[in-house]
Amino acid sequence: MKINKVMSTRLLLLLVMAVSFTSCSKKSDSKGGSRATGWKINDKKGGFQYASKFKKQVTGPGLVLVEGGTFTMGKVQDDVMHDWNNTPNQQHVQSFYMDETEVTNMMYMEYLDWLKRVFPPDQENYKNIYEGASPDTLVWRNRLGYNETMTNNYLRHPAYAEYPVVGVNWIQATEFAKWRTDRVNEKMLEEQRYLKKDAKVTDVSGEKTFSTEAYLASPSTAMGGDSEIVLQRGQKATKKSSKSNASGGADPAASGASNTSGNSPKNVYATRSSGLILPDYRLPTEAEWEYAAAADVGQREYNSYKGQKKYPWSGSYTRSGKRQVRGDQLANFKQGKGDYGGIAGWSDDGADITNKVKSYPPNDFGLYDMAGNVAEWVADVYRPIVDDEANDFNYYRGNVYMKNKIGEDGKVELVTAETQQFDTLPNGKIVARNFPGQIAQVPVDENETYLRQNFDKSDNRNYRDGDKQSSRYFKFGSSEEGDEKGKMIDSQRMYDSPKHNVSVDSLGSMVRKYDHSNKRTTLVNDDVRVYKGGSWRDRAYWLDPAQRRYFPQDMATDYIGFRCAMSRVGPKSDKKKSPRNRR
């Protein structure tokens, strides 16, 4: 028996060793190298270089992570307006980041200060840039009200520094987001020594501004081609190298390539594969905003939502039930006719106009003022129906696909003070379409759309709801798409909205032509945008995150502000699964 036990033990040990050797033989032998080729990655001698030490996306300034998921979009408790524009439909949004608060006056003033320093309004080439970005402070005026104090002080007085900015139209909000993207990425590259320290303040000018896309496309020509500012990491910048790089084209490093000749430095410029460049700041889509505002995750148990939320907070009432602040309003909104904040000495929402951000508790995603204070612009073009039959993932109406303009020399074309373009809005305001230092953009054409199934043109704002195929005038099988220029005939437009035109006569004077037609049937067109949430001027009905309204993208009010969002790259979440939501 003893001998049998010893033999059994030996056999068991041999079996374990055999299994371990077998399992080892199944493992990849590409340790320290590529799983595709076995070649060494990040070899100092050259070859393929990659950011193998990248961990996760850095959270940009002011942002909070919103973990994505599925939710019922358009779920409202009331529809007393009978708009029928928020029919419930199931949607899924990816994880993204969103501003913790609305963009404040101080944040927007920083933007205006930068524009004024870099593009002085007293210079002819730049005279319309600062004015075009400035908020409309006259939105506070009322024919039968005295609001001159807000007109003169709300934007610039330090007493309102942390109040949400208003008087900003949708176009200005999107331009702010683009500017913010470049300034944040500029700082990150400076910290990693890809850009000269403090150059963003001491060396910046209209000819030397940082653009994220311009840097990625051609680092050696970014910021005026000054290699004293745009550094090659690991090398000391010299005036000689500045001259030699100033006329260079798209740098090999811009596409992630490395010089493999002997001792030449590797990865001297940052690229997307470096993992340092953050995605764009932008306006959130309507689906993202509604998902983040509702924060149904606060009602979650395991993989289901328990109960419904009418507002961004739990419960069906606008007042707090907590003992210390019982009865206080949880948002800033109009509480009744002639009542914007209660009685003196006991103002239950603490404000009569807007209020300082973070004055009310955050929702379950950690976001402040997702109901009340100011309504907020979102990215979407308005249509009465959310077309969930066409898409139920990251829903967004408003795609206009563009591409980099390539010059005759085969290189990307950068905007200069002479080639910068401006748009004259229907209200007569002149705004910059792009800034010097950015890459000129043109619509995608048949080179990108030919034989594609997912899109076939640049402008998709009226897809399935406003284009000719969705109208009663479309003839199946016909090649006609409209008039000889490919546009729909005016009398056949699905949304017959007013068309206000602005032009300039031979003397340079602006000529405004207001559409006085009484035959127009709607205000909806491709230039009206959705705004969400209630404001200090709205009743509680509009605090419901699913409510939706629209406004012309070139007009501003004293009750619409905005906040920015940013897409998340990589995994959906950094947290492990839990039975209930944990903030």
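Residues numbered from 1 in each chain as written. Predicted model: local features only at pLDDT ≥ 70, side-chain atom pairs only at ≥ 80, totals over all residues. Heavy atoms only, no water.

Of note, the phi angle at Trp84 is positive, near 50°, even though the residue is not glycine. By secondary structure assignment, the location of Trp84 is in the loop between β2 (69-73) and β3 (89-93). What makes Trp84 exposed here is its relative accessible area of 63%. Its identity is not glycine, yet Tyr302 carries a phi of approximately 55°, on the positive side. (Helix = DSSP H or I, 4+ residues; strand = E, 2+ residues; numbered from the N terminus. Buried < 20%, exposed > 50% of the residue type's maximum accessible area, 1.4 Å probe, protein only.)

The next subject is the environment of Leu112. Of note, Leu112 is situated in helix α2 (residues 105-118). In this structure, the C-alpha to C-alpha distance between Leu112 and Ala133, residues 21 residues apart in sequence, is 7.2 Å. Not counting residues within four places of it along the chain, the set of residues in contact with Leu112 comprises Tyr130, Ala133, Ser134, Pro135 and Leu155. (Contact = heavy atoms within 4.5 Å.)

This brings us to the sheet that holds strand β8 (residues 375-381). Reading across the sheet, the four strands line up as β16-β15-β8-β17 and stay open at both edges, with mixed pairing between neighbours. The strands lining the two open edges of the sheet, one partner per strand, are β16 (548-552) and β17 (560-561). (Pairing = 2+ DSSP bridges.)

Within the largest apolar cluster, 54 residues are counted, with the highest numbers of intra-cluster contacts made by Tyr108, Leu115 and Phe562. Among the secondary structure elements, those contributing two or more residues to this core are α2, α3 (129-133), α5 (170-191), β8 and β11 (430-432). Take this core: its biggest share by element is eight residues, from α5. Residues contacting Leu115, with those up to four places away along its chain left out, are Pro120, Ile129, Tyr130, Ala133 and Phe435. (Core = buried A, V, L, I, M, F, W, Y, C linked by side-chain atoms within 4.5 Å.)

What follows concerns the packing of α2 against α5. Interaxial distance between α2 and α5 falls to 11 Å at its minimum, and their mutual angle equals 75°. The angle between α2 and α5 places the two elements in the roughly perpendicular class. Contact residues: α2 offers Met107, Tyr108, Glu110, Tyr111 and Trp114, while α5 offers Gln172, Glu175, Phe176, Trp179, Arg180 and Arg183. A class-by-class count of the residues in the contact of α2 with α5 yields six nonpolar, one polar and four charged. (Axes fitted to C-alpha atoms, helices over the stretch in contact; angles between N-to-C directions. Parallel < 35°, antiparallel > 145°, perpendicular 65-115°, else oblique. Nonpolar A, V, L, I, M, F, W, Y, C, P; charged D, E, K, R; others polar.)

Here we take up the sheet that holds strand β18 (residues 565-567). Read across the open sheet, the four strands follow the order β1-β4-β18-β5; overall the sheet is antiparallel. Only two strands of the sheet have a single neighbouring strand rather than two, namely β1 (63-66) and β5 (281-282). As defined by bridge partners, β5 adjoins β18 across two bridges and the pair is classed as antiparallel. Bridge assignment links Arg282 to a residue of β18, and that residue is Ala565. With respect to the sheet, helix α9 (residues 286-294) is in contact with β1, β4 (96-99), β5 and β18, its orientation differing from that of β4 by roughly 75°.

To continue, consider the packing of aromatic side chains. What characterises a pair of aromatic rings is the spacing of the ring centres plus the angle enclosed by the ring planes. Applying the stated criterion across every chain, the model contains 28 aromatic pairs. Seen from their ring centres, Tyr111 and Trp179 are 5.1 Å apart, and the 50° between their planes marks the pair as tilted. Here Tyr111 is found in helix α2, whereas its partner Trp179 is found in helix α5, with 68 residues between them in sequence. Using a relative accessible area of 1% as the deciding quantity, one classes Tyr111 as buried. Residue Trp179 is classed as buried on the basis of its relative accessible area, which comes to 8%. Taken together, a centroid distance of 5.6 Å and an interplanar angle of 40° make the contact between Tyr291 and Phe365 tilted. Residue Tyr291 is located in helix α9, and its partner Phe365 is located in the loop between β7 (304-305) and β8; the two are separated by 74 residues in the primary sequence. Across the pair, Phe365 and Tyr291 agree in class, each one buried. (Phe/Tyr/Trp six-rings, centres within 6.5 Å; stacked < 30°, edge-to-face > 60°.)

Another aspect to go through is α5. Over its 22 residues, α5 extends 32 Å from the first C-alpha to the last, a length consistent with the 32 Å expected when each residue adds 1.5 Å. For α5, the buried fraction is high: 19 of the 22 residues fall into the buried class. Measuring from the side-chain oxygen of the N-cap residue of α5 to the backbone nitrogen of Ile171 gives 3.1 Å; that N-cap residue is Asn169. Backbone geometry just downstream of α5 places Arg193 in the positive-phi region, at approximately 65°. (Expected span 1.5 Å × (residues − 1). Polar contact = N/O pair within 3.5 Å; in protein donor to acceptor, adjacent residues only side chain to side chain.)

Here we take up the pairing of β8. Counting buried residues in β8 gives seven out of seven residues, a clear majority hidden from the surface. Strand direction decides the pairing type here: β8 and β17, joined by two bridges, are parallel. Bridged to Ala375 within β17 is Ile560. Pairing of β8 with strand β15 (residues 528-532), which is carried by three bridges, proceeds in the antiparallel orientation. The residue bridging Trp377 from the neighbouring strand is Tyr531, located in β15.

What follows deals with the pattern of salt bridges. Evaluated as defined, the whole model comprises 36 salt bridges. Between Arg493 and Asp496 there is a salt bridge, with the nearest N and O atoms lying 3.0 Å from each other. Taken individually, Arg493 and Asp496 each receive the classification buried, so the pair is uniform in this respect. Salt-bridge contacts for Arg520 lead to Asp496; the nearest nitrogen and oxygen are separated by 2.6 Å. (Salt bridge = Lys/Arg side-chain N within 4 Å of Asp/Glu carboxyl O.)

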